Structures are given as C-alpha cells and as structure tokens.
Amino acid sequence: MPTAPSTDATDRVDLLVDGADLVVTMDDDRRELAGGWVACTGGFVTAVGGPADARPAAERVLRADGCLVTPGLVNTHHHIYQNLTRSYRPATSSTLFDWLTTLYPRWALLDEEASYVSAWVGLAELAVGGCTTSTDHLYVHPAGGGDLLSAEIAAARELGVRFHPTRGSMSRSQKDGGLPPDSVVQDEDTILTASEEAVARHHDPAPGAMVRIALAPCSPFSVTAKLMERTAELAERLDVRLHTHLAEDPDEDRYCLETYGVRPIEHFADCGWGTDRAWVAHCIYPNEAEIARMAAWGTGVAHCPSSNMMIGGGGIAPVVDYRAAGVPVGLGCDGSASTDAASLWMESRGALLLARQRGGPTAFTARDALELGTRGSAACLGRLGELGVLAPGAVADLVAWRLGGSGRAGIAFAGALTDPIEAWLRCGPVAAHHTVVAGRPVVENGELQVPPGSDLDDILRRHRAAAERMQGLDSPGSSPDQGPSGRGSGPRRVRR
Ligand SMILES: [Zn+2]
C-alpha cells in the first residue's frame, strides 16, 4: 500500500529519491518497499511509494540505485569538542575517572574557535557516517572561553545538519568532592542564567526545527544535587529536554553511595529527573527494579556501544531488557572517551554485536539496531514521528547506503543477496552514499558537500592548530603531560 501523498499529485516536489533497492520506512507498520522512492518538499517527506506507484514530478531526482535507503540516523550522545584530543596518549590506558582527570586541564583551554572547528569536523564526520541529527553534550565552559554553544551551532547551520546541542554544566569541583578541577566548573546561578539565555537564543520548538537546546548537567560526580534539581525545574518551565550521564561505571556506584547514600538512579530520581523529559547516556548498570522505574518514568537511554567496550570491565547496557520493559533506547557515539571515530553505522553494528554477546544469537537483529538509531533515538529527543521515520509529515532526513556495485562496496557485499538490512550491518564497513537533511544532500555520491564559502582544508588546518594548542604541542620546548603514572608516555607531535 502506498502512502497517500499529502500534496496534490500534480504538484512538483523538491526532491525525489528514486531507484533504491529497498526503502526501509521505519513507519508504524515497518514497511520495507523494494524498488521504492521518497518524495520531499519544503524539508518534509510528502510521499513514499513502491515501484508500481506513480512518482510525482520533481525539481530534482537523486538516484539511489544499488542502495538501501533508511531514515537518517540520530545521534543521542556525543562530546564533539573531544575530537580535539583524540587518542591522547597520556590517557589511552586509564580508567574513566583517570581519563577524565587527565583531560580536564586540556579541555579547560577550549575557546570559540576550538568549539567551532571541532563541531564543523565532528558534524561532517557524522554526516558521512549516515547521521542527520546529532546532539552534543558540551559541559566544559571555561572562564573566558566565550560562547562555545553559539560557536558550534554556527558550524551546524553552515553544514546544514540538524542539531540538538545541550547546554551542559559542571558545578562540583575537586574542592567540593567532585572530579573536575576548579578551572572548568561554574556556579549554579551562572549555569542557569546561561542555560536560559541559550534556550531563548537558539531553541526552536516548531516542527522541522533545525536547532533545539536541551539542558545537561554532566554527571553525579561533577554536579551538585541542587544544580540537578534547579535544572529540572528550569527545563519544565522552558519546556526543553534534560540530559545527563547515568550509571556509566562501577566507580560511579561507589561514588554515589558514599556521597549521596544511594545508587545513581535513586539519586537521579531524588533530584526530580525521573520523567519522560529526560534521556540519559550509557545507563549500563541498572538493576531490575531500576529498569522498571525507568520504563514507568519514560526516561530514555542513549546506548553507546563502543563506549561500553572502551570503558571496559564487562559492562554492557541491557538494551533488550530496556526495550522489553518499554524504555526508549536510542544510539550514541559518545565522545573521544570511547569513539575516536564517530560513525552511527559503526555504533549500529556495535549494538548488534553487543546485544548478541549479552543475550545470545536470537536476542537482536540488524532491524533492531536500525530501530535504535532511528525511532528509538527520535523518542529520546522527544521527536518520535518527526525524526527517524520516512512517512508523510516527517522531516526529509534520509540516508542511501550503497550495498554493492563496483569497487570496495562490491567486494564487501558480494554474495549478500537475501537480506539487505542484515547485510548493511554484517558486511561493510560502509559510509553513506547520500545523506539528505531537510531535503538537501549534505553528502552526495559519498562526498561531503562543503558549503559555499567554506574550505575543508582550511577548517582542518584550523582544527589542527586548536588541537595542538590544547594538547600543549604548539610551541617548541613545551613539556606536555607525562601520563597519569609518570611512565613518560607524554604525547609526541605526529608529523604527517
Ligand atoms: Zn558522554
């Protein structure tokens, strides 16, 4: 059954994506249309059809021959600025807490230029990997660093990707028993004022919004309970979403028991966060009762598969249990702590492998993984029905993945003939052939569409300069960190 176009059949649409091997709609009936097409106008999907359905006339046709077409993938957890300290040698063999304390002083050097170039590079990287909407958890706001949030939003607008940055925060420094140094925390009033200003300036509540803001105190070990409570009240008043890290590491369980006298999820509830306005990153270590509470609240989980593995220790978020209980589960690539390569294709594959590692070979399929990165992520961001689905009225965000043909893709997908969705994650690796956001190709034929007035090489030079400065590699004779255990494993400048 074709979906009835919401425009008159004689209207020309802006864009017709045609010729796909398979269009996976992820609509309420989970229709998969062999030989299907998608029509878009004004940034929204207007019609989806199969090969026998009449296509509307279009201003532009984007061919998707040999491709699987899916809704654009939605990234629900990231720290984009951390691409300025990717694979930072002094912290590559650390626990999560050691990794953080090694890097906080580096991130204290963030400024608007660094925020802008890291967002430009990070969002371009995500688009190439099939992501059309990303959040960002920007929780480091050093004194004198400027307006970091506006700088990254400027990059997103230039690239034309949909962006849900969060106004993150840290208020509990080492002198108050927290993990971060004084240089990267702010007082509660400063944080709440800046949060309200960010919402007033950037948040667009309208359907099809390209930018929305959420509020995001960082974690139980870097913010006070009072800030959590006041942020929840502010989010309610401004009608924006809430995000934080939760139950990420066994060290966090110990910290919360010692500091608050309760486990992390109990603390979260005590602060007034147990609502469907919140989604949380990781949530690896809930017990059964806590999973039920999360479901009752409607609180979403950003599952970060690579992060689960990189943090190590055997913890795997109980994604199958969450979904069985009714907890919305989306996908996130997380920052450099875990994913120095930010690709939602890779996280989708990671979700598939980890769920089967945990629950056995029948526990999880590629379709389940796609469900996380589309509908599940959309639910985390409060935009189910608008993002993560190809149906009339949804935003025109989609990805064409080339599964075969000539060259490298031909080699990777040779012999995969019976199930393109399973092949999508089992074969590969694969990047997007086309990434379309709001009806506009951001990646076309595998190439990032660099916006007019921008120069990729120049952005990369600027990114390198910012990264060298933050890593202490920008002046001869500088003496960078010697590593957490003094093993002399300080960073060395790599010349390429
Ligand atoms: Zn994180």
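Remember, it's a predicted structure, so these values are computed and weren't measured experimentally.

Mind showing me how you'd approach the environment of Cys 304 here?
By secondary structure assignment, the location of Cys 304 is in the loop between strand E14 (300-303) and helix H9 (305-311). Cys 304 sits in the buried class, given a relative accessible area of 0%. Residue contacts for Cys 304: discarding those within four places in its chain leaves His 77, His 282, Gly 332, Asp 334 and Glu 347.

Got a minute to help me understand the state of the cysteines in this structure?
A covalent bond between the sulfur atoms of two cysteines is what we call a disulfide. Scanning the model with the defined rule gives 0 disulfides in all. Cys 256 takes part in no disulfide bond, and the closest cysteine sulfur to it belongs to Cys 271, at a distance of 9.3 Å. Not part of a disulfide, Cys 380 finds its nearest cysteine sulfur in Cys 304, a span of 9.9 Å.

Any chance you could explain the pattern of salt bridges here in plain terms?
Pairing is possible between side chains that carry opposite charge, provided their charged atoms lie close to one another. Across all of its chains, the model carries 34 salt bridges by this definition. A salt bridge links Glu 59 to Arg 12, with the nearest nitrogen and oxygen atoms 3.1 Å apart. You can see Glu 59 sitting in strand E6 (residues 58-63) and its partner Arg 12 sitting in the segment before strand E1 (13-18), a full 47 residues away along the chain. A salt bridge links Arg 230 to Asp 189; the nearest nitrogen and oxygen atoms lie 3.0 Å apart. With a gap of 41 residues between them, Arg 230 in helix H5 (residues 225-238) and Asp 189 in helix H4 (residues 188-202) connect regions that are remote in the sequence. Connected via shared salt-bridge partners are Asp 18, Arg 55, Arg 63 and Asp 65.

Would you take a moment to explain helix H11 (residues 344-359) for this structure?
Residues separated by three or four positions in an α-helix point in the same direction, a consequence of the helix having 3.6 residues per turn. With 16 residues, H11 extends 22 Å between its outermost C-alpha atoms, agreeing within 8% with the 22 Å of an ideal straight helix rising 1.5 Å per residue. Along H11, the residues classified as buried are Leu 344, Trp 345, Glu 347, Ser 348, Gly 350, Ala 351, Leu 352, Leu 354 and Ala 355. A positive phi of about 95° marks Gly 360, the residue just after H11.

Got a minute to help me understand the coordination of the zinc ion in this structure?
Ideal geometry at a metal gives 109.5 degrees between four tetrahedral donors and either 90 or 180 degrees between six octahedral ones. Summarising the metal site, the zinc ion is bound by the protein donors His 77 (NE2), His 79 (NE2), His 245 (NE2) and Asp 334 (OD), whose distances to it range over 2.1 to 2.6 Å. Classification of the site at the zinc ion rests on its 4 donor atoms, whose angles at the metal span 87 to 176°, yielding the label irregular. Expressed as a motif, the donor residue spacing for the zinc ion is H-x1-H-x165-H-x88-D. Placement of His 77 in the loop between strand E8 (73-75) and helix H1 (96-107) and of Asp 334 in the loop between strand E15 (329-331) and H11 is noted, with a sequence separation of 257 residues between them. Just as His 77 is buried, Asp 334 falls in that class too.

Is there a simple way to think about the sheet that holds strand E5 (residues 44-49) in this case?
For sheets, the rule is that strands pair by backbone hydrogen bonds, running either parallel or antiparallel. Read across the sheet, 4 strands follow the order E5-E4-E1-E6 without closing on themselves; strand pairing throughout is mixed. Each edge of the open sheet carries a strand with a single partner, namely E5 and E6. Pairs of neighbouring strands in the sheet enclose a mean axial angle of 20°, with direction left out of account. Across 5 bridges, the pairing between strand E4 (residues 37-41) and E5 is antiparallel. Within the sheet, the bridge partner assigned to Val 38 lies in E5 and is Val 48.

Explain the pairing of strand E13 (residues 278-282) to me, please; I cannot follow it from the model alone.
Along any regular strand, the residues point their side chains to alternate faces of the sheet. In terms of burial, E13 is largely enclosed, as 5 of its 5 residues are buried. Judged from the 5 bridges that link them, strand E12 (residues 241-246) and E13 form a sheet pairing that is parallel. Within E13, the position partnered with Leu 242 by the bridge is Ala 278. The pairing of E13 with E14 spans 3 bridges and is classified as parallel. Looking at the pairing, Trp 279 lines up with Gly 300 of E14. Once you follow E13 into helix H8 (residues 288-297) and on to E14, the crossover reads as right-handed.

Even after reading the chapter, I still don't get the packing of aromatic side chains, so can you show me in this structure?
Two numbers describe a pair of aromatic rings. These are the distance of the centres and the angle of the planes. Going through the model one piece at a time under the given rule, you end up with 10 aromatic pairs. With a centroid separation of 4.6 Å and 50° between ring planes, the pair formed by Phe 97 and Phe 221 is classed as tilted. Taken as a pair, Phe 97 in helix H1 and Phe 221 in the loop between strand E11 (214-217) and H5 lie far apart in primary sequence, 124 residues in all. Residues Phe 97 and Phe 221 agree in their burial class; the two are buried. Ring pairs connect the aromatic residues Tyr 81, Trp 99, Tyr 104, Trp 107 and Tyr 139, which therefore count as one cluster.

Would you explain the sheet that holds strand E7 (residues 67-71) in this entry?
What the 7 strands build is an open sheet, ordered E3-E2-E7-E16-E17-E18-E19; its pairing is mixed. Looking at the sheet topology across the chains shown, the edges are occupied by strand E3 (32-34) and strand E19 (447-448). Where strand E17 (residues 434-437) meets strand E18 (residues 440-444), 3 bridges bridge the pair, whose relative direction is antiparallel. Residue pairing for E18: Val 436 is matched across the bridge by Pro 441.

How should I be thinking about the packing of helix H2 (residues 112-128) against helix H15 (residues 456-470) in this particular structure?
When two helices pack together, their arrangement is given by the angle between the helix axes and by the axis-to-axis distance. The contact between H2 and H15 brings their axes to 9 Å, and the two run at 130°. If you check the angle between H2 and H15, you find them oblique. Judged by the twist between their axes, the crossing of H2 over H15 is left-handed. Residues Glu 113, Ala 114, Tyr 116, Val 117, Ser 118, Trp 120 and Val 121 of H2 form the contact with H15, whose own contacting residues are Leu 456, Ile 459, Leu 460, Arg 462, His 463, Ala 466, Arg 469 and Met 470. Class assignment of the residues belonging to the contact of H2 with H15 gives a composition of 10 nonpolar, 2 polar and 3 charged.

Cut-off values and rules
Residues numbered from 1 in each chain as written. Predicted model: local features only at pLDDT ≥ 70, side-chain atom pairs only at ≥ 80, totals over all residues. Heavy atoms only, no water. Helix = DSSP H or I, 4+ residues; strand = E, 2+ residues; numbered from the N terminus. Buried < 20%, exposed > 50% of the residue type's maximum accessible area, 1.4 Å probe, protein only. Contact = heavy atoms within 4.5 Å. Disulfide = S-S within 2.5 Å. Salt bridge = Lys/Arg side-chain N within 4 Å of Asp/Glu carboxyl O. Expected span 1.5 Å × (residues − 1). Donors = N, O, S within 2.8 Å, 3.2 Å for Na, K, Ca; no water. Tetrahedral: all angles 85-135°; square planar, octahedral: opposite > 155°, others 65-115°. Pairing = 2+ DSSP bridges. Axes fitted to C-alpha atoms, helices over the stretch in contact; angles between N-to-C directions. Right-handed = clockwise from strand over helix to strand, strands pointing away. Phe/Tyr/Trp six-rings, centres within 6.5 Å; stacked < 30°, edge-to-face > 60°. Parallel < 35°, antiparallel > 145°, perpendicular 65-115°, else oblique. Left-handed = near helix turned anticlockwise from the far one by under 90°. Nonpolar A, V, L, I, M, F, W, Y, C, P; charged D, E, K, R; others polar.

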